[in-house]
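# Architecture at a glance
So the chains spell out like this:
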Amino acid sequence: MREIVVGAAQMGPNQKADSREAIVARMLALLEEAGRAGCTMVVFPELALTTFFPRWYMEDQAEVDRWFETEMPNAATRPLFDRARELGVAISFGYAELTPDGHHFNTQILTDRQANIIAKYRKIHLPGHSEYDTERAFQHLEKRYFEPGDLGFPVWRTQDAVVGMLICNDRRWPEAYRVLGLQGVELVILGYNTPSVNSQDSSEGEEQRLYHSDLSMTAGAYQNATWVVGVAKAGDEDGHPLMGGSIIVDPNGYVVQRAKTKGDELLVHACDMDLSVFGKKTIFDFARHRRIEHYGLITSQTGTVVKV
């Protein structure tokens, strides 16, 4: 058995006025709980260090940049890395990254159990829009504040497993899981911040959005015979509700752990990486069953072209 005891560290809301230090203190409390539970890896949400700032329209770049981190670890997050090292627990979390050469990314990192950063992923499927939209109930300006990720969909071997990362909207795109699956991924870890209501369709509420979130992750897990750990930021951020719904999914697509609250909450599951082997050798044996000669449209075309 190749076991990783995963802690899915759902976080309640981060308010606009909250300091990085106050937020990291909550993350530390979840990390301590994970250490007591025997976790060897803890996964925190997308944009774990701040509120979900793309809901606000900003024109002043200096105002935008204050939500970004220019180095990692930094003074605010150093206590998290130090305690993770002491506990021997790997950590993964999302944050807004401003690179030394001025690029802005929605980023997630993963450490080893000695708190060394061993992996970085930058969100590729950016949702929303880039200019103020008067037709929306609230703004979703990721395309304004972030660039599409430039690192592709890599995987890394850690804790004797093949691990990949996705962020939020990436979980809705089967191509993202499949590229990871073609590299033998056994554990996909991802964070998200998803509003409880669709800003463009008020009839789509939390029940429907939770269903689609579950559907995306369980399908990705099953169709690639991999564990998927999806970790939310949840609750009311400055009047804007996030839906939560963190889950841990096994390689057969079954939800084995599910969050019960919209606050800080730790889900724990001992994930046996060998559970992915059967699916990879049978129905999803890619080498035997994939027919790539018919898949050309997937990489040659973006929008729909109706041919009748």
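It should be noted that the structure appears before, not after, this text.
We now turn to the structure provided with this report. Everything numeric here is computed off the predicted structure, so don't read it as measured data.

Residues in a regular strand project their side chains so that they alternate between the two faces of the sheet. Counting buried positions over the seven residues of strand β7 (residues 161–167) gives seven, a clear majority of the element. Across four bridges, the pairing between strand β6 (residues 155–158) and β7 is antiparallel. Residue pairing across strands places R157 opposite V162, the latter belonging to β7. The antiparallel hairpin formed by β6 and β7 contains two residues in its connecting segment, where Q159 sits at a positive phi of about 50°. Bridging between β7 and strand β8 (residues 187–192) involves five bridges; their strand directions are parallel. Bridge pairing in β8 places M165 opposite I189. What joins β7 to β8 is helix α5 (residues 174–181), and the crossover it makes is right-handed.

In this section: the sheet that holds strand β1 (residues 3–10). Sheet strands pair by backbone hydrogen bonding; their relative direction is either parallel or antiparallel. If you trace the six strands from one edge of the open sheet to the other, you get β5-β4-β3-β2-β1-β14, paired in mixed fashion. A strand with exactly one partner marks an edge of an open sheet, and here the two such strands are β5 (117–122) and β14 (265–272). Averaged over all pairs of adjacent strands, the angle between their axes in this sheet comes to 25°, without regard to strand direction. Inspection of the sheet shows strand β3 (residues 90–98) paired to strand β4 (residues 104–111) by seven bridges, in the antiparallel sense. Looking at the pairing, S92 lines up with L110 of β4. Contacts between helix α1 (residues 20–36) and the sheet are confined to β1, β2 (41–43), β3 and β14, with β14 contributing the most and set at about 40° to the helix. Taken strand by strand, helix α3 (residues 78–87) contacts β3, β4 and β5, and its axis lies near 160° from that of β3.

The next thing to look at is the packing of aromatic side chains. Scanning the model with the defined rule gives ten aromatic pairs in all. Here F53 and F146 contribute two aromatic rings whose centre-to-centre distance is 5.7 Å and whose plane-to-plane angle is 55°, an arrangement assigned as tilted. A residue pair is termed long-range when its members are at least 10 positions apart, and F53 in the loop between β2 and α2 (61–65) and F146 in the loop between α4 (142–145) and β6 qualify at 93 residues. Looking at F146, the relative accessible area reads 4%, which means it is buried. Their ring planes at 80° and their centres at 6.0 Å tell us that F81 and F93 sit as a pair that is edge-to-face. Taken together, the positions of F81 in helix α3 and F93 in strand β3 put the pair twelve residues apart, joining distant regions of the chain. Like F81, the residue F93 is buried in the burial classification. Feature note: the residues F53, W67, F68, Y145 and F146 constitute an aromatic cluster, connected by ring pairs. Against the face of Y192 rests R171, its NZ or CZ located 4.0 Å from the ring centre.

Each value, and the rule that gives it
- Residues numbered from 1 in each chain as written.
- Predicted model: local features only at pLDDT ≥ 70, side-chain atom pairs only at ≥ 80, totals over all residues.
- Heavy atoms only, no water.
- Buried < 20%, exposed > 50% of the residue type's maximum accessible area, 1.4 Å probe, protein only.
- Helix = DSSP H or I, 4+ residues; strand = E, 2+ residues; numbered from the N terminus.
- Pairing = 2+ DSSP bridges.
- Right-handed = clockwise from strand over helix to strand, strands pointing away.
- Axes fitted to C-alpha atoms, helices over the stretch in contact; angles between N-to-C directions.
- Contact = heavy atoms within 4.5 Å.
- Phe/Tyr/Trp six-rings, centres within 6.5 Å; stacked < 30°, edge-to-face > 60°.
- Lys NZ or Arg CZ within 6 Å of the ring centre and 35° of its normal.

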